[in-house]
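Structural overview for review
Residue strings, one per chain:
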Amino acid sequence: MSLELLNILKSNGAYKSTSYTKNEAIIHKGDIATHLYVIISGSVKISYLHRNGQEVILVLLNQNQTFGGNGAFRDLDTNYIFKSVIEPTVIEIYCMDDIYEMIKKNHNLQRDLFRIWGEKYTMLEQRIRVLNIKSTLLRFIEVLLEFKEKFGYSCPDTNEIIINSPLDQEGIANYIRTTRVSVNTIIHQLKYASLIEYEKQKIVLKNDFFEHYKSIAYNL
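Residues numbered from 1 in each chain as written. Predicted model: local features only at pLDDT ≥ 70, side-chain atom pairs only at ≥ 80, totals over all residues. Heavy atoms only, no water.

1. Examining the nonpolar core
Here is the rule we go by: Among buried residues, those of type Ala, Val, Leu, Ile, Met, Phe, Trp, Tyr and Cys that are joined through side-chain atoms within 4.5 Å constitute a nonpolar core. Type-normalised accessible area, obtained with a 1.4 Å probe on protein chains alone, sets the label of each residue: buried when under 20%, exposed when over 50%, and partly exposed for intermediate values. A run of H or I in DSSP counts as a helix once it spans at least four residues, and a run of E counts as a strand once it spans at least two, with each numbered from the N terminus.
Core analysis: the biggest nonpolar cluster contains 30 residues, and Phe140, Leu144, Phe147, Ile196, Leu205 and Phe209 have the highest contact counts within it. Elements that contribute at least two residues to this core include exactly strand S4 (55-62), helix H5 (136-151), strand S9 (161-164), helix H6 (169-175), helix H7 (180-192), strand S10 (196-199), strand S11 (202-205) and helix H8 (209-219). Counting residues per element, this core draws most heavily on H5, at 8 residues. Ile27, Val59, Leu61 and Phe67 belong to the second largest nonpolar core, which has 16 residues in total.

Take a look at the structure:
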């Protein structure tokens, strides 16, 4: 994320860079309100444990996205869990006191902080929109499209989209608020229709997937 505000802090050495292994906890109690976290590479899962013991995944963030600070996640319950899901995940950490002090010296820099907060709210609105979709199939397809942008690449030989999913079937089910059985059934339906290939956490979107996706979305 190239913002003047963060670039100045970085040039002054007012930040910390940390690398995390897979499934490593990222923050400690209280840090979420006092520090801004910028994902340089990798991916971060924000989740909590439901009272029934099931994990509920709120959002999945990747490169150039942020969390923490006094924006969208300021008042999160301290029971929320922040973990890396790709190894290595590299994160730069900025103290909010340093950010506010820099803005006092140059008021024009507040636009960068507003941009950071705005992107957080846009991301949350997108998640709410997807979770409000009644069709489990369409929620699953929306997540495939999200993963395509965040974790996918085009195969140079076939032009098919290959996604190295950070989540297994159980994780995807928790992400779209359904059961693993439902996710498994949808995967088999899409595989039978030759729209995707799925092996472990590698997903291949076939060339016909996007045309069929439009018709599915239209009919639901």
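2. Describing helix H4 (residues 110-131)
To keep it simple, the criterion reads: What a helix is expected to span follows from its residue count: subtract one and scale by 1.5 Å. The directions from the helix axis to the C-beta atoms form the arc being described.
Between its first and last C-alpha, H4 extends 32 Å over 22 residues, near the 32 Å set by a 1.5 Å rise per residue. Inspection of H4 places Asp112, Leu113, Ile116, Trp117, Lys120, Met123, Arg127 and Val130 among the buried residues, and these make up the whole buried set. Down the axis of H4, the smallest arc covering the buried residues is 145°, so these residues share one side. The exposed residues of H4 that point more than 90 degrees off its buried face are Thr122, Glu125 and Ile128.

3. Regarding the pattern of salt bridges
Rules: One speaks of a salt bridge when a side-chain nitrogen belonging to Lys or Arg is within 4 Å of a carboxyl oxygen belonging to Asp or Glu.
Under the counting rule described, the total for this entry stands at 9 salt bridges. Here Glu4 and Arg111 are joined by a salt bridge, their closest N and O atoms 2.9 Å apart. Highlighted residues: Glu4 in helix H1 (residues 4-11) and Arg111 in helix H4, separated in sequence by 107 residues. Look at Glu4 and you get partly exposed, because its relative accessible area is 36%. A relative accessible area of 45% means that Arg111 is categorised as partly exposed. The salt bridge partner of Glu146 is Lys150, with a shortest N-O separation of 2.9 Å. In this pair, Glu146 and Lys150 both sit in helix H5, 4 residues apart, roughly one turn of the helix. Taking relative accessible area as the criterion, Lys150 reaches 21% and is therefore assigned partly exposed. Each of Glu160, Glu197 and Lys206 takes part in a single network of salt bridges with overlapping partners.

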